[in-house]
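Spelled out from the first residue to the last, the chains are:
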Amino acid sequence: MEKTIFEKILDKEIPSYKIYEDDYVYAFLDVFPITKGHTLVIPKKHSRNIFDCDSETAANIGRVLPKIANAVKSSFSADGVNIFQNNEEYAGQSVFHLHFHIVPRYKKESGHFDNLEIKWPPQKLEQQQFLEIQEKITNNLK
Ligand code: 5GP
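Residues numbered from 1 in each chain as written. Predicted model: local features only at pLDDT ≥ 70, side-chain atom pairs only at ≥ 80, totals over all residues. Heavy atoms only, no water.

1. Comments concerning helix α2 (residues 55-75)
Structurally, the α-helix is built with 3.6 residues per turn, so residues lying three or four positions apart point the same way.
Working step 1: With 21 residues, α2 extends 30 Å from end C-alpha to end C-alpha; this agrees with the ideal 30 Å at 1.5 Å per step.
Working step 2: The largest bend in α2 is about 35°, located at leucine 65, with the proline proline 66 one to four residues further on.
Working step 3: Along α2, the positions that sit buried rather than exposed are Thr57, Asn60, Ile61, Val64, Leu65, Ile68, Ala69 and Val72.
Working step 4: Next to the buried residues of α2 lie β1 (18-21), β2 (25-29), β3 (39-43), β4 (80-84) and β5 (100-105).
Working step 5: Measuring from the side-chain oxygen of the N-cap residue of α2 to the backbone nitrogen of glutamate 56 gives 3.2 Å; that N-cap residue is aspartate 54.
Working step 6: Count one or two residues on from α2 and you reach serine 77, which has phi positive near 50°. (Helix = DSSP H or I, 4+ residues; strand = E, 2+ residues; numbered from the N terminus. Expected span 1.5 Å × (residues − 1). Bend = angle between axes of the 7 residues up to and from the residue. Buried < 20%, exposed > 50% of the residue type's maximum accessible area, 1.4 Å probe, protein only. Contact = heavy atoms within 4.5 Å. Polar contact = N/O pair within 3.5 Å; in protein donor to acceptor, adjacent residues only side chain to side chain.)

2. Overview of the packing of aromatic side chains
Geometrically, a pair of aromatic rings is defined through the distance of the ring centres and the angle of the planes.
Working step 1: Taken as a whole and assessed by the stated rule, the structure comprises two aromatic pairs.
Working step 2: Where phenylalanine 6 meets phenylalanine 28, the ring centres are 5.4 Å apart and the plane angle is 80°; that geometry is what we call edge-to-face. Taken together, the positions of phenylalanine 6 in helix α1 (residues 5-10) and phenylalanine 28 in strand β2 put the pair 22 residues apart, joining distant regions of the chain.
Working step 3: Its relative accessible area of 6% is what places phenylalanine 6 among the buried residues.
Working step 4: By the ring-pair criterion, three or more aromatic residues cluster together here, those being Phe6, Tyr26 and Phe28.
Working step 5: Looking at lysine 36, its charged tip hangs above the ring of phenylalanine 76, at a distance of 4.6 Å from the centre. (Phe/Tyr/Trp six-rings, centres within 6.5 Å; stacked < 30°, edge-to-face > 60°. Lys NZ or Arg CZ within 6 Å of the ring centre and 35° of its normal.)

Listed below in C-alpha cells is the structure:
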C-alpha cells in the first residue's frame, strides 16, 4: 500500500518543520495551519486512525500531548488550545496516518491569526434516550 504523506515525513522523504521527537512520537508544524502554531503529533508506528491504534501507541502519544500543548500555548501566549483528532473521511480525516492536531487559539486583539470557527449546536434528549445510548455504548466497550 502507498505510504501516507506523514509516513513519508517520518522517513524523511519529504521535509517538515520538526517540533518534537522521541522513539515513538514525532511532532511538526501543519503546513496549512488554521491558527499560528498549529502542530501535528503522530506516532512513528503506523495506524490508520484511532480505530486500529493499539493502547501502547495511544499511551505514547498521550504522554507527550500536554508537554507539546504547553509549549505551543506559551510560544505566542495563546488564549487557549484545541486538540482535535479526525477519524475517517466523513469526520474530516484527509491523511490516513493517526494524528492529533494541537491548535492554539487567539483572541482578535492578540494580532495572531486564528481562522478556526467552531460550531457545537447541542441536541436536546429525554432521559430514556440518554439511557439507551449509554447502554449501547457501554455494551460495545471491550
Ligand atoms: P486531517 O484532515 O487528516 O485531520 O489533517 C491532515 C492535516 O495534515 C491537515 O491539517 C493538513 O494541513 C496537513 N498536511 C497535509 N499535507 C501535509 C504536509 O505535506 N506537511 C504537513 N506538515 N502537513 C500536511
